[in-house]
Amino acid sequence: CGAIFSPEADIETLSSDLEKLFGRIDSKSRIFEFDFTDYYAPEMGGELKKIFFSFETLTDPARFADIKTTTNEIEQKHLQAGSRRINLDPGFLTLAKVLLATTKDNVHRIYLRDGIFAEVTLFFRKKTFTPFEWTYPDYRTEGYIEYFNNLREIYRAKLAANGQM
């Protein structure tokens, strides 16, 4: 789950909220500057940051739409003065790809249900995750790709431990 957040956001409470819903956090990225777009500035202000969380428990991708709906509810819990301080972008990582859930339709997104779409954002090729032409600029950065490559190794180890490799 990616989280874009303002300086006023309470990341510790967010971490706790996410763990209550999705299980123990087993990995956090470093905190990245989020200065790729001004899209969120009118609501969330400036100096935005981004962090990624992954969870110990593997989740069925069939729950993707429900997870996006749940993270939208978490955003509402963290409102300050009626404005979001956190924007959550849940995703799934497999050995082959990174998928994001969104409420915004586009030609490369597949409708799941309840107003939720899925997008393949990165694909694994030549020992690294690789962006598409539609991949958001931040997901193209070395820091994000390095995090997802490391997360892929964690996932690979979990699959092996569960006898799924």
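The structure under discussion appears in the preceding block.
Figured I'd write up the structure that's included with this text. (Residues numbered from 1 in each chain as written. Predicted model: local features only at pLDDT ≥ 70, side-chain atom pairs only at ≥ 80, totals over all residues. Heavy atoms only, no water.)

1. Focus on the pattern of salt bridges
Applicable threshold: The working definition used for a salt bridge is a side-chain nitrogen of Lys or Arg within 4 Å of a carboxyl oxygen of Asp or Glu. Only DSSP runs of H or I covering at least 4 residues are called helices, and only runs of E covering at least 2 are called strands; the numbering of each starts at the N terminus. With a 1.4 Å probe rolled over the protein chains alone, any residue whose accessible area is under 20% of its type maximum counts as buried; one over 50% counts as exposed, and the rest are partly exposed.
Summed over the entire model, instances satisfying the criterion amount to 14 salt bridges. Salt-bridge contacts for Asp 17 lead to Lys 77; the nearest nitrogen and oxygen are separated by 2.9 Å. On the criterion of sequence distance, the pair formed by Asp 17 in helix H1 (residues 11-22) and Lys 77 in helix H3 (residues 64-77) is long-range, its members being 60 residues apart. Overall, the relative accessible area of 6% leaves Asp 17 in the buried class. For Lys 77, a relative accessible area of 54% gives the class exposed.

2. Some words on the packing of aromatic side chains
Filter applied, for reference: Planes of paired rings set the category: under 30 degrees apart is stacked, over 60 is edge-to-face and the rest tilted, where pairs are Phe, Tyr or Trp rings (Trp by its six-membered ring) whose centres lie within 6.5 Å. Here, over-ring charges are defined by two tests on the NZ atom of lysine or the CZ atom of arginine: distance to the ring centre within 6 Å, and angle to the ring normal within 35 degrees.
Counted under the stated rule, the structure contains 19 aromatic pairs. A ring pair is formed by Tyr 39 and Tyr 40, whose centres lie 4.9 Å apart and whose planes are at 85°; its orientation type is edge-to-face. Here Tyr 39 falls in the exposed class, since its relative accessible area comes to 53%. Taken together, the ring pairs in this structure connect Phe 32, Phe 52, Tyr 136, Tyr 139, Tyr 144, Tyr 147 and Phe 148 into an aromatic cluster. Taking NZ or CZ as reference, Arg 152 lies 3.5 Å from the ring centre of Phe 124, over its face.

3. Quick look at helix H4 (residues 142-161)
Selection rule: Any helix carries an expected span of 1.5 Å times its number of residues minus one.
Between its first and last C-alpha, H4 extends 29 Å over 20 residues, near the 28 Å set by a 1.5 Å rise per residue. Among the residues making up H4, those that are buried are Gly 143, Tyr 144, Ile 145, Tyr 147, Phe 148, Asn 149, Leu 151, Arg 152, Tyr 155, Lys 158 and Leu 159. Within two residues after H4, Gly 163 carries a phi angle of roughly 70°, on the positive side.

4. Some details on the side chain of Asp 138
The criterion, for reference: In what follows, residue pairs with any heavy atoms lying within 4.5 Å of each other are defined as contacts.
Secondary-structure assignment places Asp 138 in the loop between strand S10 (128-131) and H4. The exposure class of Asp 138 is buried, given its relative accessible area of 4%. Once residues lying within four places of it in the same chain are set aside, the contact partners of Asp 138 are Phe 34, Phe 36, Lys 50 and Tyr 144.

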